[in-house]
Amino acid sequence: MSAHHAPPVPPPPSGPPPGRLSAREAAVLDAVDGPWAVERLVELVAVPSLGGTAAEAEAQHLVARRLDELGTDVDRWAIDLDEAATDPDAPGQEVERSEAWGVVGTLPGRDGGRPGLILCGHTDVVPAGDPAQWPGDPFTPRIADGAVHGRGTCDMKGGLVAALTAVRALRTAGVRLARPLAVHAVTGEEDGGLGAWATLRRGHLGDACVIPEPTAGAVMTAHAGALTFRLTLTGLAAHAANRHLGVSTVELFEHVHAALRGLEAERQPADRSRFGDHPLPYGLSIGRLRAGDWASTVPDRLVAEGRFGVRLGESVAQARAVFEACVAAACSAHPWLADHPARVEWVGGTYAGSALPAGAPLLPAVQRAVVDAGGARPPERALTAGTDLRFYAAAGIPALHHGPGDLRLAHGPGERVPVEDVLLSARTLALLALRTCGEA
């Protein structure tokens, strides 16, 4: 369905008890425009903004135009990719880019100065995978069963559109803020966080930040980290008819991988309740595997790339040391690998873990805003994935996640986001912005 033929939007759930909201707050909630939000989400999902493609930049320009239409002061700039490739503080990238754009829209406040609140969302998406597993083209969004389906709907264009819809509601309701409200549209989140890093480096700071990543109704006040590794193993080639004369790197990898699976099991917390009873909060996954160059030759080289979870409170250096020690121990216990150890490299994105400071007022403020917007009080949880939140935390900006959709649907062929989730998020963010930035 095209952006010009959005379906009727379901009515909002029953609201908060009478008298709890001010007249201005009620007006802001009433100004959340469901059809407008659906149209914006459909048009953004239709841009196949894969990291490293021209469409990644196109999506940023599209959001910049929408922010301009909403009356924000838009800062759009070309990110210095040479600086990002050489700066020791840069987060790393896993795709090649010829261009990247930063976009910030700021709704001015009467008192000027630093924004009281930042809403941050990324526009880049991951590849769609096997198209046969999708019911249709993943970048031709469709609306069914009260949800928008397609790559990027959940992770996290739905959340970014909720932020835009919140800004529109404030404008429609005639609100003039005392302090500025900023929307950071960032790129490169999926492969390291280039956009958020560049945005903060440009000086776009604030007193608090909400990143509306999909949280399935929870408020995520902490997240685990994630590191991308590359393992290279060397064996001995031989004719497949004489396999016993060679040393297969596939079999060598089986030995190393078993040790890494054991390490993964050891690193899981006994109490997983903070992670919503997720079975593997600190997961280890092999995402890419390449071995051999001829079907009838024993493979003498194997390269495995994957993701290693960083525990809460653990530094990146500590996590790397634990991983490297495990690989070294596995190699030393193997007759071939003892003399031909696997090589470990750290490539691509580096995601440290981070957390909202204990006692920060942002958590209860968001929880109250969700309830007053018509939702259930969200529980506090921790996220198992690395995100842009770490950049804001490192900059001293209290930050958390609360947004539409369920992360379990992200990166898969069933990706979708319920329309009502997007609208509840928009109402929540609009209330939070009004209360945090104040009315002039």
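Right, let's talk about the overall build of the chain for a bit. Tallying secondary structure elements over the chain gives 11 helices and 16 strands in all. Taken against the 2.2 N^0.38 rule, which gives 22 Å for 440 residues, the C-alpha radius of gyration of the chain at 23 Å falls within 12% of a compact globule. Across its three principal axes, the chain shows a C-alpha extent of roughly 80 × 45 × 40 Å. A total of 440 residues make up the chain; the buried ones form 53% of that total. For the chain, the share of sequence-separated contacts (at least 6 apart) that also reach a separation of at least 24 residues comes to 82%. Separation between the mean location of the 39 positive side-chain charges and that of the 51 negative ones in the chain comes to 5 Å.

This part is about the sheet that holds strand E10 (residues 284–291). Pairing in this open sheet of four strands is antiparallel, and the strands run E10-E11-E9-E12 from one edge to the other. Edge positions in the sheet fall to E10 and strand E12 (343–351), since each has one partner strand and no second. Going from strand to strand, the sheet's axes swing by 20 degrees on average, the running direction of each strand aside.

Our focus in this paragraph is the sheet that holds strand E5 (residues 147–149). In space, the three strands of this open sheet follow the order E4-E5-E16, with antiparallel pairing throughout. Since the sheet does not close on itself, it has two edges, and those belong to strand E4 (142–144) and strand E16 (416–418), each with one partner. In this sheet, adjacent strand axes meet at a mean angle of 25 degrees when their direction is disregarded. In the sheet, E4 pairs with E5 via three bridges, with the strands oriented antiparallel. For Arg142, the partnering residue across the bridge sits in E5 and is His149. Across the sheet, helix H5 (residues 153–172) lies against E5 and E16, angled at about 40 degrees from E16, the strand it touches most. Against the sheet, helix H11 (residues 419–437) makes contact with E5 and E16, and its axis sits at roughly 60 degrees relative to E16, the strand it touches most.

To continue, consider helix H3 (residues 54–69). Across its 16 residues, H3 extends 23 Å between first and last C-alpha, which sits within 8% of the 22 Å expected from 1.5 Å per residue. Residues of H3 that are buried include every one of Ala55, Glu56, Ala57, Ala59, Gln60, Leu62, Val63, Ala64, Arg66 and Leu67, and no others. Elements that come into contact with the buried residues of H3 comprise helix H2 (34–45), strand E1 (73–78), strand E2 (101–107), H5 and strand E6 (181–186). At the C-terminal side of H3, Gly71 shows a positive phi close to 85 degrees.

With eight of 10 residues buried, strand E9 (residues 225–234) lies mostly within the body of the structure. Sheet topology note: the E9/strand E11 (residues 301–310) ladder contains 10 bridges and is antiparallel. If you follow Leu233 over to E11, its bridge partner there is Leu302. Where E9 lies against E12, six bridges are found, and the strand directions are antiparallel. Note on E12: the bridge partner recorded for Phe229 is Trp346.

Next up on the list: empty space enclosed by the protein. The tally for this structure, following the rule as stated, stands at two cavities of 30 Å³ or more. Here the largest cavity defines a volume of roughly 40 Å³. Lining the largest cavity we find Arg40, Glu43, Leu44, Leu62, Val63, Arg66 and Leu164. Of the residues assigned to the lining of the largest cavity, the class counts are four nonpolar, no polar and three charged. Approximately 30 Å³ is the volume attributed to the second largest cavity. As for the second largest cavity, its lining consists of Ala37, Val38, Leu41, Val161, Val419, Val422 and Leu423. For the lining of the second largest cavity, the secondary structure elements donating two or more residues are H2 and H11. Partitioned by chemical class, the residues of the lining of the second largest cavity number seven nonpolar, no polar and no charged.

Judged by nonpolar contacts, the single largest core of 65 residues is most densely connected at Leu117, Leu181 and Val210. Of all the elements, H11 adds the most residues to this core, at 12 residues. Residue contacts for Leu117: discarding those within four places in its chain leaves Pro180, Leu181, Ala182, Ala208, Cys209, Val210, Leu432, Ala433, Thr436 and Cys437. Among the nonpolar cores identified, the runner-up in size contains 24 residues, and Ile79, Ala84, Ala90 and Leu200 belong to it.

Along the polypeptide, Glu415 turns up in the loop between strand E15 (399–401) and E16. Only 2.5 Å separates the side chain of Glu415 from the side chain of Arg151, close enough to count as a polar contact. Reaching out from Glu415, the side chain makes a polar contact with the backbone nitrogen of Thr153 at a distance of 3.4 Å. When near neighbours in sequence (up to four residues on either side) are disregarded, Glu415 contacts Trp134, His149, Gly150, Arg151, Gly152, Thr153, Cys154, Asp155, Leu409 and Ala410.

For the structure on display, the rule yields five aromatic pairs. Judged by centre distance (6.5 Å) and plane angle (80 degrees), the ring pair of Phe229 and Trp346 falls under edge-to-face. Of this pair, Phe229 sits in strand E9 while Trp346 sits in strand E12, placing them 117 residues apart in sequence. Considering the side-chain rings of Phe275 and Tyr282, the 5.5 Å spacing of their centres and the 80 degrees angle between planes classify their relative orientation as edge-to-face. Its relative accessible area of 9% is what places Phe275 among the buried residues. By the ring-pair criterion, three or more aromatic residues cluster together here, those being Phe229, Phe308, Phe323 and Trp346.

Procedures and definitions
- Residues numbered from 1 in each chain as written.
- Predicted model: local features only at pLDDT ≥ 70, side-chain atom pairs only at ≥ 80, totals over all residues.
- Heavy atoms only, no water.
- Helix = DSSP H or I, 4+ residues; strand = E, 2+ residues; numbered from the N terminus.
- Rg over C-alpha atoms; globule rule 2.2 N^0.38 Å.
- Buried < 20%, exposed > 50% of the residue type's maximum accessible area, 1.4 Å probe, protein only.
- Contact = heavy atoms within 4.5 Å.
- Lys, Arg positive; Asp, Glu negative; His and termini not counted.
- Charge placed at Lys NZ, Arg CZ, Asp CG, Glu CD.
- Pairing = 2+ DSSP bridges.
- Axes fitted to C-alpha atoms, helices over the stretch in contact; angles between N-to-C directions.
- Expected span 1.5 Å × (residues − 1).
- 1 Å grid on protein atoms, 1.4 Å probe; cavity = no way out; pocket = protein on both sides within 12 Å on 5 of 7 lines; lining within 4 Å.
- Points joined across faces, edges and corners; volume = space filled by probe spheres on them.
- Nonpolar A, V, L, I, M, F, W, Y, C, P; charged D, E, K, R; others polar.
- Core = buried A, V, L, I, M, F, W, Y, C linked by side-chain atoms within 4.5 Å.
- Polar contact = N/O pair within 3.5 Å; in protein donor to acceptor, adjacent residues only side chain to side chain.
- Phe/Tyr/Trp six-rings, centres within 6.5 Å; stacked < 30°, edge-to-face > 60°.

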